[in-house]
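# Overview (structure and organization)
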Amino acid sequence: MIKDVVIGQYYPTDSVIHKLDPRTKIMASLLYIVFLFMANNIWGYFAAMFFLIVIVIISKIPVGYVLKGIKGVVFIILMTLIFNLLWTPGEALYTLGPVTITREGVSASINMALRLMLLISGTSMMTLTTPTIQLTDGMEALIKKVPFLGRVSHEISMMMSIALRFIPTLTEELDRIMKAQKSRGADFESKNIVKRVKGYVPLLVPLFVSAFQRANDLAMAMEARCYHGGEGRTRLKILKYEKRDRIAYAVVIFAMAGIFATRFITYRLI
Amino acid sequence: MSIEVRNLTHIYSQGTVFERIALDNVSFDVGPRDFIGIIGHTGSGKSTLVQHINRLLVPTSGTVIVNHIDINDKKVPMKDIVRRVGIVFQYPESQLFEETVYKDVSFGPKNLGYDDEKTDFLVRQSLEIMGLGFEEIKDKSPFELSGGQKRRVAIAGVIAMKPPIMILDEPTSGLDPVGREEMLNMIRDMNQELGICILLVTHSMDDVAQYADKIMVFSEGKLVKYGPPSEVFADSQFLANIRLDVPQSKSVLERLKEKGFDIDTSAYTTKEAAKEILRVFGK
């Protein structure tokens, strides 16, 4: 159950996408997110979907794996779908008692659901194809370019890499504590909502205790090795743009222009 | 209360790239008052096995029968299983969460639906079994105790449910030699005085040699040997092949024999080995 979390998971294959500079992938993801919000009709989402499908095929990652990320937010997607469907005013398509489904509602709910799914699967493509160390290195290099923030770019990326590094550790820990409390008769599947919320106390208290303990140990270990931030620190691997990165940038910009262009399509599907 | 395991197989992440066989067709019986030692190299399937005995894991195939009840029958409520089988995980102190020791130990009995009077009795009794003074410890926060005390409180939390079968996964890891021996003696007392069936998972050959009636040896998910210590430790070559040692006292005897002394190497506990050495060397 907890093992289904895909956020920050890396799936190794030998594709070109994996070999790209992490900065390229981060920038591409950012552009993708921005342009996904710029799309204002279904054609834009179709264009984004086409772009994403091409990326998935090139990356050689099983489609099921990419879609696993959506599984975690299926509830949120369903909620937005229902809310948009029922509470968007406009031209009535179908009426049943107090419930009216409008043409605008149908189109808005489909667009929202598509946008969410594309957002999640698109960004998980970045983490699936990039090991966390590269990802945070790329972030650091990019943040350095941002005015003001640039001075703390190392600290920010260090915090991020530690956070990502501890996701699997803490899930494992949670799994262990859950099993221990289950063997003491704890009930996590109760139908009663109050009981269920209460049932999480025996999980969360030990989890926090151990997280603080680990943080303390880590801080000690870093200090013992004279960690003092990024100043004067050299790197083993220096990020360098290759020819394939330039091609990737060109492809991404072209695709984004394509998504943007769909704003001018006036033909309505619904 | 007996355990019957038949053709138990467990495969992790079946059907994905991460697929791994953790248990491979394991069958065995455990009697009501047995003290069983479970040994095996890291990743041999020991921990996976014990989690099947109270349905924390569901077998890929095979059956687990505890006291003539198939525990994977969906009609059997989880409460009926945890009432029978208590598991103490590795580093059990990490499961403490309540404000006071009393509240923490009573978590199990309360979950089983016992009233205050019965719970109070069980908490008292289990803290006593673990050698902790009830009056002085009951109102303390579990987080202000020492490491050894924390562990005892955590184990008391499992004993308080009065399971006739107790599984302990490396209960002595991280303890100093004195704490280690005290812990093992307490476990032996639970077995001999209270008649609790014990399954002790451990890396230490010396511990199982000294305390267990029977030993299960696991290697790569298979139960490769199951018998009394004398039988299991008879073949040190076999154990070496699956990357396990014999107890230290036995390896001393074997070394002496290699050096040409006429010595019987069948002893495996420290006492018996000492006796044998005295016999050969005279006084």
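Reading the values: the criteria
Residues numbered from 1 in each chain as written. Chains lettered and ligands numbered in written order. Predicted model: local features only at pLDDT ≥ 70, side-chain atom pairs only at ≥ 80, totals over all residues. Contact = placed C-beta atoms within 7 Å. Helix = DSSP H or I, 4+ residues; strand = E, 2+ residues; numbered from the N terminus. Nonpolar A, V, L, I, M, F, W, Y, C, P; charged D, E, K, R; others polar. Core = buried A, V, L, I, M, F, W, Y, C linked by C-beta atoms within 7 Å. Buried ≥ 20, exposed ≤ 12 C-beta atoms within 10 Å, placed from the backbone. Expected span 1.5 Å × (residues − 1). Axes fitted to C-alpha atoms, helices over the stretch in contact; angles between N-to-C directions. Parallel < 35°, antiparallel > 145°, perpendicular 65-115°, else oblique. Pairing = 2+ DSSP bridges.

## Let's talk about the interface of chain B and chain A
Facing 20 residues of chain B, the contacting portion of chain A comprises 15 residues. Among the elements of the structure, helix 2 (78-82), strand 6 (85-88), helix 3 (101-111) and helix 6 (147-159) of chain B are those that each provide at least two residues to the side of chain B that touches chain A. Looking at the side of chain B that touches chain A element by element, the count peaks at 3 residues for helix 3 of chain B. Each residue belonging to the side of chain B that touches chain A can be placed in one class, and the counts come to 11 nonpolar, 8 polar and 1 charged.

## Notes on the nonpolar core
If you look at the biggest cluster of nonpolar residues, it comprises 77 residues, and the most contacted ones within it are Ile-36, Met-166, Ile-167, Ile-198 and Leu-200 of chain B. Broken down by element, the residue count for this core peaks at 6 residues, all from helix 6 of chain B. Here Met-166 of chain B is in contact with Gly-86, Val-88, Val-158, Met-190, Ile-196 and Ile-198 of chain B, once residues within four sequence places are set aside. Core analysis: the second largest hydrophobic core is formed by 23 residues, Ile-17, Ala-39, Val-56 and Ile-61 of chain A among them.

## A word on helix 3 (residues 42-59) of chain A
All names here are of chain A. Here helix 3 is 18 residues long and its end C-alpha atoms lie 25 Å apart, about the 26 Å a rise of 1.5 Å per residue gives. Those residues of helix 3 not exposed but buried are Gly-44, Tyr-45, Ala-47, Ala-48, Phe-51, Ile-55 and Val-56. Buried residues in helix 3 make contact with helix 1 (16-19), helix 2 (22-38), helix 4 (63-71), helix 6 (103-129) and helix 11 (243-261). Just downstream of helix 3, Lys-60 is the residue with a positive phi angle, here 65 degrees.

## Describing the packing of helix 2 of chain A against helix 7 (residues 132-144) of chain A
Residue and element names in this part refer to chain A. Orientation of helix 2 relative to helix 7, taken along the N-to-C sense of each, is 75 degrees, at an axis distance of 8 Å. Relative to helix 7, helix 2 is oriented roughly perpendicular. The residues of helix 7 that touch helix 2, namely those facing Pro-22, Arg-23 and Ile-26, are Gln-134, Leu-135, Asp-137, Gly-138, Met-139, Ala-141 and Leu-142. Tallied by class, the residues present in the contact of helix 2 with helix 7 amount to 6 nonpolar, 2 polar and 2 charged.

## Some remarks on the sheet that holds strand 5 (residues 69-70) of chain B
The strands making up a sheet associate through hydrogen bonds between their backbones, and the pairing can be parallel or antiparallel. Residues and elements named next belong to chain B. Taken together, the 4 strands give an open sheet; going across it, the order is 2-1-4-5, and neighbouring strands pair in antiparallel fashion. Taken across any chain shown, the strands that pair with only one partner, and hence form the sheet edges, are strand 2 (20-30) and strand 5. Taken together, the 2 bridges between strand 4 (residues 61-66) and strand 5 define a ladder with antiparallel strand orientation. By the bridge assignment for strand 5, Ile-65 is matched with Asp-70.

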